[in-house]
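Okay, here's what each chain looks like letter by letter:
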Amino acid sequence: MDTIINMETNRLSTQEFWVSDRGYNFNFQRHTGHAYDKLILKYIPDTKNGTCLEIGSYPGPHLTTFGDLHYTLNGVDFNPDNAKGLPAWLKKEGFKVGHFAAEDLFQFKTDELYDVVCSFGFIEHFINYEEVIQRHIDLTKINGYVLITTPNFRGRIQYWLHKTFDKENLSIHNVKSMRPDLWANQLEENGFEILYQGYFGGFWFWKGKPHLTWVKRKLIWIIERIIIRVRPLFRFESAAFSAHCGIVARKIR
């Protein structure tokens, strides 16, 4: 499938995709122990009255980790249920809930700045990903934190796997955006100190919902079982094979 770019919005995907069966729909649930949550707990401090905004927040599994750190939770996402279903679930889980907007990030208006601004697998769905990062920056308080992650489809091993077995999913991801070194440059130019940048999550092949021939399905079955067996041997992280890349930075001026 060829990449379809909406030149008006610089998006590689649409709202219709994300709320359809083709999107990555999940039930509301925590992802305890996920690599993203380990990153949060390592670098983001506990708080008594801090605020957190997740950009692309629906369905919010990682917001719960910020809730455990006692942040008041906020989110913006163009999924219509982001303004109702997600905050209702978070309240039911016992977290402090602020404002959840069901709208486009670039139409989102607020006078509030946040102690943490984060996104998990969001910026890579845009051609103009630098502008998306800038929105993170502009919404962050002095001494606040930005945390950004994306999947790592750019690494040699990961790119081959996705190009061969996950082409439709690959087409809605801007592989050029998966460069934490470039994110670091932009953040430093905007008054941030970098606390972490790099690749993490070990060797894993995360894929969308590919339509594959029987032969490719069989090959995927074999490859996934090989990965399970060799993964313990990869005791280091690498841009070539690690599942995720990310950055954590603090705004110092």
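For the structure, see preceding data.
Residues numbered from 1 in each chain as written. Predicted model: local features only at pLDDT ≥ 70, side-chain atom pairs only at ≥ 80, totals over all residues. Heavy atoms only, no water.

**Student:** Give a detailed account of the environment of Thr149, specifying residues and quantitative values.
**Tutor:** Relative to the assigned elements, Thr149 resides in strand β5 (residues 140-151). Owing to a relative accessible area of 0%, Thr149 belongs among the buried residues under this scheme. Along the backbone, Thr149 and Gln197 are 48 residues apart, and their C-alpha atoms lie at a distance of 9.7 Å. (Helix = DSSP H or I, 4+ residues; strand = E, 2+ residues; numbered from the N terminus. Buried < 20%, exposed > 50% of the residue type's maximum accessible area, 1.4 Å probe, protein only.)

**Student:** Can you break down the packing of aromatic side chains residue by residue, with the values?
**Tutor:** As enumerated under the stated definition, the model contains 13 aromatic pairs in all. Ring centres 5.6 Å apart and planes at 80° place the aromatic pair Phe28 and Tyr58 in the edge-to-face group. Of this pair, Phe28 sits in the loop between α1 (15-18) and α2 (35-43) while Tyr58 sits in the loop between β1 (51-55) and α3 (63-68), and the two are 30 residues apart along the sequence. A relative accessible area of 24% places Tyr58 in the partly exposed class. A ring pair is formed by Phe236 and Phe241, whose centres lie 5.4 Å apart and whose planes are at 75°; its orientation type is edge-to-face. Since its relative accessible area comes to 48%, Phe236 is described here as partly exposed. For Phe241, a relative accessible area of 4% puts it in the buried group. Put simply, the rings of Tyr36, Tyr43, Phe66, Tyr71, Phe120, Tyr196 and Phe200 pair up and form one aromatic cluster. (Phe/Tyr/Trp six-rings, centres within 6.5 Å; stacked < 30°, edge-to-face > 60°.)

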